[in-house]
Amino acid sequence: MLRLSGWMMCLWGCLSGLQAAEQQSETEQGAPVYREHLDLSYYLDQNNEKQSVKTWDDWQTRRQHILSNMQTVMGEVPQPKQPVPLEMKVLEETDLGKVKRLKISYHTDDLHQRVKAYLFIPPDASADHRVPAILCLHQTNSQIGKEEPAGIRGLPNLKYAIELAERGYVTLAPDYPSFGEYPYDFKAHPEYRSGTLKAIYDNMRSIDLLQSLAYVSADQIGCVGHSLGGHNTMFTAAFDTRIKALVSSCGFTRFHKYYGGKLKGWTSDRYMPLINSKYQNDPNQVPFDFTEIVASFAPRAFLACAPVSDSNFEVSGVKDVIRIAQPVYQLSGHPENLQATYPEAQHDFPPATRETAYQFFDRHLKK
């Protein structure tokens with residue numbers, strides 16, 4: 001208990017000035033619960049009556065309700081007045097020829113723990129020539145974590161952090177909590193309602209770090225991930241609009257088509273335990289779905305890479321999501337920013353699909 005109490009004092013001391021984020025206000029006031037996640041054409045007013053979404057302001061009301069309902073499951077996103085200092089340290093530096101790779105560590109929410117990550121810097125990045133940056137999130141791979149997108153170990157089709165750096169981006173590949181070199185006991189940290197929320201906040205601090213670098217163009221930030229990294233990307237982008245373009249590979253399908261609506265895979269400590277304990281693994285009870293998450297990105301650029309033979313995330317559910325979110329992108333005035341590709345592959349991020357993703361980032365992040 002002494003360890004937990006010390007942790008709690010550290011975290012909540014640092015967050016003593018905690019302010020509710022704009023997206024949290026509805027949660028605290030009790031956002032209306034939507035049972036129809038396939039219908040984004042309306043919002044619920046103060047009397048719980050349906051009102052048609054006709055304007056962009058109308059959609060913003062529905063969007064705030066979406067973010068609020070996500071937080072009823074994930075927990076409220078911290079918004080401290082004074083986040084803990086990042087205090088980035090360089091642990092190793094390696095010249096790879098085309099790019100430089102730094103192994104770094106930094107704080108996110110706890111001055112007693114540091115997140116480790118690989119930071120790639122292309123040769124032309126400088127204070128006089130700032131370049132876009134992309135946060136690169138790894139798949140479920142407990143032992144190696146960040147080393148896979150860094151191209152050090154793991155599958156060659158998932159080395160997107162180094163490949164994007166070779167394409168001219170600053171890239172950052174951190175460990176997800178409890179993966180790689182990031183020991184983390186979720187049960188010892190009740191200040192986070194879910195592992196998903198802990199990862200979201202770590203990712204937001206990782207974006208803080210990227211924006212602090214003199215050679216990064218702070219308003220040109222992207223995010224990419226495969227599988228775990230794919231939906232980690234999406235969850236983070238829903239709450240952090242600094243992400244201007246994002247790519248999810250094999251990251252989602254709508255809940256009713258995830259293993260026939262059996263949601264147990266989403267309920268571990270690393271994810272959202274309340275889906276099991278409160279919502280009985282029932283997609284009819286969970287108060288949000290990926291249709292709403294994707295629509296919440298509008299008008300920002302989103303590319304879904306969804307192989308037709310992905311056994312984890314059924315492709316027809318992805319197509320449902322894209323179709324249902326498209327009118328919101330149309331309303332935003334940027335329907336072209338919502339894209340999907342459906343390669344003939346299994347749960348993978350093959351070369352041609354990665355090239356599609358990289359060109360997508362080039363269009364939306366490079367001036």
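Residues numbered from 1 in each chain as written. Predicted model: local features only at pLDDT ≥ 70, side-chain atom pairs only at ≥ 80, totals over all residues. Heavy atoms only, no water.

1. With respect to the overall build of the protein chain
- The secondary structure content of the protein chain amounts to 10 helices and 11 strands.
- Over its C-alpha trace the protein chain gives a radius of gyration of 20 Å, about what one expects of a compact globule, namely 21 Å for 367 residues.
- Projected onto the principal axes, the alpha-carbon positions of the protein chain cover approximately 60 × 55 × 40 Å.
- Relative to its full complement of 367 residues, the protein chain shows a buried share of 58%.
- Side chains of the protein chain carry 38 positive and 42 negative charges; the gap between the two charge centres is 2 Å. (Helix = DSSP H or I, 4+ residues; strand = E, 2+ residues; numbered from the N terminus. Rg over C-alpha atoms; globule rule 2.2 N^0.38 Å. Buried < 20%, exposed > 50% of the residue type's maximum accessible area, 1.4 Å probe, protein only. Lys, Arg positive; Asp, Glu negative; His and termini not counted. Charge placed at Lys NZ, Arg CZ, Asp CG, Glu CD.)

2. Re the packing of aromatic side chains
- A full pass over the atoms with the stated rule returns 19 aromatic pairs.
- Between the aromatic rings of Y34 and Y42, the centroid separation amounts to 5.7 Å while the plane-to-plane angle is 40 degrees, which identifies the pairing as tilted. With respect to burial, Y34 and Y42 carry one shared label: buried.
- Their ring planes at 85 degrees and their centres at 5.6 Å tell us that Y176 and F179 sit as a pair that is edge-to-face.
- Residue class for F179 comes out buried when judged on its relative accessible area of 1%. (Phe/Tyr/Trp six-rings, centres within 6.5 Å; stacked < 30°, edge-to-face > 60°.)

3. Details of the pattern of salt bridges
- Applying the stated criterion to the full structure yields 21 salt bridges.
- Between K146 and D175 there is a salt bridge; the shortest N-O distance is 2.7 Å. Taken together, the residues span a long stretch of sequence, with K146 in the loop between β6 (131–137) and α4 (160–166) and D175 in the loop between β7 (170–174) and α5 (195–212) at a distance of 29 residues. The same class applies to K146 and to D175, which are both buried.
- A salt bridge links R354 to E163; the shortest N-O distance between them is 2.9 Å. Pair noted here: R354 is in helix α10 (residues 351–365) and E163 is in helix α4, with a separation of 191 residues, a long-range link. (Salt bridge = Lys/Arg side-chain N within 4 Å of Asp/Glu carboxyl O.)

4. A short note on the nonpolar core
- Within the largest apolar cluster, 86 residues are counted, with the highest numbers of intra-cluster contacts made by M70, L119, W266, F297 and F302.
- Excluding anything up to four places from it in sequence, W266 contacts H231, F235, G251, F255, Y258, Y271, M272, I275, F290 and F313.
- Core analysis: the next-biggest nonpolar cluster, separate from the first, contains 26 residues, Y160, L164, A245 and C305 among them. (Core = buried A, V, L, I, M, F, W, Y, C linked by side-chain atoms within 4.5 Å. Contact = heavy atoms within 4.5 Å.)

5. Brief notes about the sheet that holds strand β4 (residues 100–106)
- The sheet built from 9 strands is open, its strands ordered β3-β4-β5-β7-β6-β8-β9-β10-β11 with mixed pairing. Of all the strands in the sheet, the pair left with one neighbour each is β3 (89–95) and β11 (338–341). Neighbour-to-neighbour, the strand axes of the sheet open up by a mean angle of 20 degrees, direction not taken into account.
- One ladder, built from 4 bridges, connects strand β5 (residues 115–121) with β7; its direction is antiparallel. Of the residues in β7, the one forming a bridge with F120 is T171. (Pairing = 2+ DSSP bridges. Axes fitted to C-alpha atoms, helices over the stretch in contact; angles between N-to-C directions.)

6. Digging into the packing of helix α3 (residues 56–74) against helix α6 (residues 228–239)
- Packing of α3 against α6 brings their axes to within 10 Å, and their N-to-C directions diverge by 125 degrees. One way to sum up the angle between α3 and α6 is to call them oblique. In this structure, the crossing between α3 and α6 has a hand that is left-handed. On α6, the residues that touch R63, L67, M70, Q71 and M74 of α3 are F235, A238 and F239.
- Class assignment of the residues belonging to the contact of α3 with α6 gives a composition of 6 nonpolar, 1 polar and 1 charged. (Parallel < 35°, antiparallel > 145°, perpendicular 65-115°, else oblique. Left-handed = near helix turned anticlockwise from the far one by under 90°. Nonpolar A, V, L, I, M, F, W, Y, C, P; charged D, E, K, R; others polar.)

7. Concerning α3
- With 19 residues, α3 should cover 27 Å at 1.5 Å per step; its first-to-last C-alpha distance of 26 Å lies within 8% of that length.
- Buried residues dominate α3, accounting for 14 of its 19 residues.
- After α3 finishes, the residue G75 shows a positive phi value of roughly 105 degrees. (Expected span 1.5 Å × (residues − 1).)

8. Observations regarding α6
- Taking 1.5 Å per residue as the helical rise, α6 with its 12 residues ought to reach 16 Å, and the 17 Å between its terminal C-alpha atoms agrees with that figure.
- The buried count for α6 comes to 12 of 12 residues, which makes it a mostly enclosed element.
- Turning to α6, its buried residues are L228, G229, G230, H231, N232, T233, M234, F235, T236, A237, A238 and F239.

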